[in-house]
Structure formats: structure tokens, C-alpha cells
Amino acid sequence: MTSELRKDLRQLTERICADHPDEYWREVDAARRYPEEFVDALTATGCLGALVPEEYGGLGLGLGDASVILEAINGAGGNAGPVHAQLYTMGSLLRHGSEEQKQRYLPGIASGEVRLQAFGVTEPTAGTDTTAIRTTATRTADGYVVNGQKVFISRVQHSDLMLLLARTTPREEAAKKSEGLSLFLVDLREVDGVELRPLRTMVNHETNEVFFDDVHIPADSLIGEEGKGFRYVLDGMNAERILIASECIGDGRWFVERAARYSSERVVFGRPIGQNQGVQFPIARAHVNVEAADLMRWRACDLFDAGEPCGAEANMAKLLAADASWEAANAALQTHGGYGFTADYDIERKFRETRLYQVAPVSTNLILSYIGQHVLKMPRSF
């Protein structure tokens, strides 16, 4: 049943992708615009509500099922970045929100009528060190007042809701630096004082600086308990890392397929360049590493869906998949030579897109430090 379901999800996603071919993504990238048409088409299938339970209007599927959707998008030459947060960001609401909050928001998130695609955590002086964030949410008689700044907040201009992490207790007054942080679900349609400043980056990822100037939010914006927000954020990271790994698998397979095809067709000195081992072997090795990373992706998915601890596997899946896709990107660019740098072949666009995953949503070095400390029991490195 699961394999048939995943086959159906893959075919459904690929049909949507077929209507948005390379030329579409090339135009979107050149214009640095949000792929609204693609997002709307995928939303209409119900796929973006895959992880929302059926009782709230979603498909009630597992993480492994959802990972197929994102892999298929990138494997078809698209970019799942504009839609992936709609799948997993609601996890904090689902696991830690009140029943009233879930009834109010999850059906709209499942249908796509309401977009929850923005996650406000990173700040200019607090990236990897999340506990150092300075944005504050000060308690008032009827809610909270938020002041501060976030950066690299993607899709916020195309999101109705934002999950926001802010300090409700000063760091120096908290028993631990990881305490005193609270998580809020902010309805961006109903608040004043939020300023967005777009950031142009090497990837078309609609990312922004976000400024909060005395932003009043109601008390029922709080997710779970006050002061426990850091734990709630960590709770959702395994799903994010596994799903990002699936996107990298899709990228890696796309690069390998394009490189193998081009090397078989491109003739230099009277023979296909793929006949030369110097060209063939890097592509073959990239394929091997992508497929090996895929096995760890499925291992992490299976543990997550079984409710088992999977922090190590989720981190390793993300690291291996990101490394494999980057290796495949380099092989594809090298195989295409000068044409790889031209927009018409799409290699340079995907090259830029997959490079992001060496840095975000968690850097390679931070994953290695996690493995060193928590798996190999070595001293904490920071």
C-alpha cells in the first residue's frame, strides 16, 4: 500500500512539474519572482497538506510519503523551496498547539487557503546560536508586544502566518540559556508594525529581513507553554532535515541524469565525451553517492514515522544528501563545460540552488559537531 501510494504521489507531482518545465523555472529565476502558478497548481492537488491529520482536513500521510513529493519536484528540475515549508512548518502547531488553535488553523493550512510558510528564528547576530536571539515578546494585559529583527526569513511575503521565536524572559534571568524562549503563531494579516526588506541572494528564495516595531499580538498566539519555545523548535528540526535531504536526492538525480545524457551526446575529437573515463567516472561516482544518501533518507523516514528517536539519522541523511547533490552538481557543470554556465541548460541555476544546502537549514559543520558529541560521545566543541 505504501509503495503504491508513493508511486501515485510521485506521478501526481511529476504531472504538475511537466506543466512547469525548465523554461518556466528559468523565467522565474531570471525575474527573481515567486513561482505562484506552480505553487497554486501543487496546492490544488492537496499534496501540501500531506502531513496534516485527516481530522483537520489533511491527507494524514507519513514523512516518507511527503518526502517523495519534494524529491520529485527537484528531480524534475524544479525547486521545492517555495513550497516545502507548507508541509512541515505546521508541525509545531500540530504537536504543541492547543486544540482550539489546531481547529482554527490546520484545515486552512491543509487546503492551502491559509499559507504557513514563514519561520522567524534567525537573527543577524544569532544564526547557529539560536539561544542568543534578541527579539523580545513582552507580556501585556491582553497579549504580547514584539520588538526585534529577524533575517533570512524566506517566503514571508507569500505567507499568511509566521511561526516566531522570541525571548519572553531575558537570557540573564533564565535558569538555562535555552529557557525563556517562546514560540508564537503570528497572523501577519492582522498585525501592524512588521516591516519586510527583501534580500537579493544567489538563489531565488524570496528571503527577507523582518523588523518588529511594537507589534501587538494576542495572548492566544502563544504555542504551548511560555518559555518552552526552544524545545518546540528543536522538535521540528528532524522533519525539516529529512525533507531537505529528499530535495537534495532529487537534485542529485537530476544532475546525474543531465550529465550522463549530455556526455553521451556531446562529441569531441570524434567520440562522445562520456566514453572518456575522466568524464564518465565522476558522474558514476556521483550517482553512487546519491543512491547511498537515499538509503539514509529512508532509514531516517522510517524511524520518524515509527515515532522512534532519529536525530542522528536525520542529521546524517541531510549531510550525506547535501554532499551528494553538490558533488553531482560539480560533475554536471564540469561535464557541460562552457554550456554549463549558460542559463539555457539550467545547470547553473540548479547548481546555485543545491549549494544552499551545505549551509541551510543547518550547516555541515554543525551536523558534524552533533554527531561528534551526541553519537560518538566526544567533548562538546562549542
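Data block above holds the structure.
These remarks concern the structure in this document. (Residues numbered from 1 in each chain as written. Predicted model: local features only at pLDDT ≥ 70, side-chain atom pairs only at ≥ 80, totals over all residues. Heavy atoms only, no water.)

Quick look at the overall build of the protein
Inference 1: Counting its regular elements, the protein contains 13 helices and 10 strands.
Inference 2: Computed over C-alpha atoms, the radius of gyration of the protein comes to 21 Å, within 12% of the 21 Å expected from 2.2 N^0.38 for 382 residues, which places it in the range of a compact globule.
Inference 3: The dimensions of the protein, computed from C-alpha atoms along their principal axes, are 80 × 50 × 45 Å.
Inference 4: Expressed as a percentage of its 382 residues, the buried residues of the protein come to 53%. (Helix = DSSP H or I, 4+ residues; strand = E, 2+ residues; numbered from the N terminus. Rg over C-alpha atoms; globule rule 2.2 N^0.38 Å. Buried < 20%, exposed > 50% of the residue type's maximum accessible area, 1.4 Å probe, protein only.)

A look at the nonpolar core
Inference 1: In terms of nonpolar packing, the biggest core is built from 80 residues, with Phe38, Ile73, Val83, Ile109 and Leu185 touching the most fellow members.
Inference 2: Here this core gets 11 residues from one element, more than from any other, and that element is helix α9 (residues 237–265).
Inference 3: Here Val83 is in contact with Phe38, Val39, Leu42, Leu48, Leu70, Ile73 and Gln117, once residues within four sequence places are set aside.
Inference 4: Residues Val146, Leu164, Ala166 and Val210 belong to the second largest nonpolar core, which totals 18 residues. (Core = buried A, V, L, I, M, F, W, Y, C linked by side-chain atoms within 4.5 Å. Contact = heavy atoms within 4.5 Å.)

Here we look at helix α11 (residues 311–336)
Inference 1: With 26 residues, α11 should reach 38 Å at 1.5 Å per residue; the first-to-last C-alpha distance of 38 Å fits that figure.
Inference 2: Across the 26 residues that make up α11, a large majority, 19, are buried.
Inference 3: The first or second residue beyond α11 is Gly337, which carries a positive phi of 60 degrees. (Expected span 1.5 Å × (residues − 1).)

Overview of the packing of helix α4 (residues 63–75) against helix α5 (residues 81–88)
Inference 1: The interhelical angle for the contact between α4 and α5, taken along N-to-C directions, is 175 degrees, at an axis separation of 10 Å. What the angle tells us is that α4 and α5 run roughly antiparallel. Residue-level contacts link Ala66, Leu70 and Ile73 of α4 to Val83, His84 and Leu87 of α5.
Inference 2: Tallied by class, residues from the contact of α4 with α5 come to 5 nonpolar, 1 polar and no charged. (Axes fitted to C-alpha atoms, helices over the stretch in contact; angles between N-to-C directions. Parallel < 35°, antiparallel > 145°, perpendicular 65-115°, else oblique. Nonpolar A, V, L, I, M, F, W, Y, C, P; charged D, E, K, R; others polar.)

As for unusual backbone geometry
Inference 1: The amide bond that connects Ala360 to the next residue, Pro361, takes the cis arrangement and shows omega of 5 degrees.
Inference 2: Of note, Pro361 is situated in the loop between α12 (347–355) and α13 (364–375).
Inference 3: Even without a glycine there, the phi angle at Arg155 is positive, about 65 degrees.
Inference 4: Locating Arg155 in the fold gives a position in the loop between β3 (143–154) and β4 (161–167).
Inference 5: At Lys377, a position not held by glycine, the phi torsion is positive, near 60 degrees.
Inference 6: With respect to the element layout, Lys377 can be found in the segment after α13.

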